[in-house]
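What follows is the residue order along each chain.
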Amino acid sequence: MFGLSGKVALVTGASRGIGQAVAARLAEQGATVVLAARGDHAGTAAADIVASGGRAEAVGIDVTDTAALEQIPPAIIERHGRLDILISNAGITRDQLLLRMKRDDWDAVIATNLTASFVLAQAAIRPMIKQRAGRIIAVSSVVGQMGNAGQTNYAASKAGLIGFAKALAREVASRNVTVNVIAPGMIDTDMTRALGEKAHTAWTEQIPLGRLGSVDDVAAAACFLASDEAAYITGHVLAVNGGMYM
Ligand code: NAP
């Protein structure tokens, strides 16, 4: 089940956390994976995959650099002949109550979390249509579904991804390209560790399954949506949140 042999995948934000785990899982299932992050940050994660027998390489990209970002899908196709799976995962938070939020905090979050997904999808969609096959998966958040005080910028970016994916899913379904969203809840990564122990405990109390999610919980969902077995699922928002929002 969920074999990905012969598929080529691009995962952004793959230097650590969710993106790293997603990249590793796709490679385990046989995909060739291009791991993207800034500078040479994804190099170690790619090397780990190769060391365990997988096929992977790293690419240095700041996803807010539109001109450079739109070159990534064509470069992958030139090098590997195809691009089957695009996972837009790179994301940041710049939390602040709206009254105090700086315009820069709004712009940075929208550029990284939302606009980069648009740029990448636009660059990947033509070759996927030509291939008559493709999987686009955006990593949103439970916060995009339920809101969270102090995160108007982040919630807007993550809710934006859901609308974007549903619209694009309708545009490209006839070409056998699916577009889906994963909405993780609280996952144990650098991003949530930065919130501190007290916040962790408070969040855990709101999670019916009684624990934070792991990066592997999200990677399993990504692997499923990327697989042939998920061929009849498009425009879907797959919650991986331990039941914190139903
Ligand atoms: P993380 O540990 O902070 O990792 C973020 C990743 O995004 C890193 O690989 C980072 O790469 C990359 N990134 C950030 N800005 C970038 C930029 N401008 N250009 C290229 N890469 C950039 O975060 P995470 O917890 O794994 O989160 C991954 C995704 O899941 C995010 O979209 C996040 O919003 C979403 N999410 C997370 C949670 C959670 O609880 N953790 C919940 C819901 C949704 P660098 O090495 O370049 O910094």
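The present account deals with the structure reproduced in this document. Computed from a predicted structure; not experimentally measured.

**What about the pattern of salt bridges?**
Tallied over the entire structure, the rule returns nine salt bridges. Here arginine 79 and glutamate 57 are joined by a salt bridge, their closest N and O atoms 2.8 Å apart. A residue pair is termed long-range when its members are at least 10 positions apart, and arginine 79 in helix α4 (residues 72-80) and glutamate 57 in strand β3 (residues 55-60) qualify at 22 residues. For arginine 79, a relative accessible area of 59% puts it in the exposed group.

**So, the packing of helix α1 (residues 17-28) against helix α2 (residues 43-51)**
Where α1 meets α2, the closest approach of the two axes is 10 Å, and the angle between their N-to-C directions is 25°. Judged by the angle between their axes, α1 and α2 are roughly parallel. As for the relative orientation of α1 and α2, their crossing is right-handed in sense. Between α1 and α2, the residues in contact are Gln20, Ala23, Ala24 and Ala27 and Ala45, Asp48 and Ile49, respectively. Tallied by class, residues from the contact of α1 with α2 come to five nonpolar, one polar and one charged.

**Topic: the nonpolar core**
Core analysis: the largest hydrophobic core is formed by 33 residues, its most contacted members being Val11, Val22, Leu26, Val33, Leu35, Ile87 and Ile182. Counting residues per element, the ones that place at least two in this core are β1 (8-12), α1, β2 (32-37), α2, β4 (85-88), β5 (134-139) and α10 (215-226). The element best represented in this core is α10, accounting for seven residues. Among all residues touching valine 22, those that are not within four sequence positions of it are Val11, Ile87, Ala219 and Ala222. By size, the runner-up hydrophobic cluster in this structure holds 30 residues, among which are Val34, Met128, Val179 and Val181.

Rules used throughout
- Residues numbered from 1 in each chain as written.
- Predicted model: local features only at pLDDT ≥ 70, side-chain atom pairs only at ≥ 80, totals over all residues.
- Heavy atoms only, no water.
- Salt bridge = Lys/Arg side-chain N within 4 Å of Asp/Glu carboxyl O.
- Helix = DSSP H or I, 4+ residues; strand = E, 2+ residues; numbered from the N terminus.
- Buried < 20%, exposed > 50% of the residue type's maximum accessible area, 1.4 Å probe, protein only.
- Axes fitted to C-alpha atoms, helices over the stretch in contact; angles between N-to-C directions.
- Parallel < 35°, antiparallel > 145°, perpendicular 65-115°, else oblique.
- Left-handed = near helix turned anticlockwise from the far one by under 90°.
- Contact = heavy atoms within 4.5 Å.
- Nonpolar A, V, L, I, M, F, W, Y, C, P; charged D, E, K, R; others polar.
- Core = buried A, V, L, I, M, F, W, Y, C linked by side-chain atoms within 4.5 Å.

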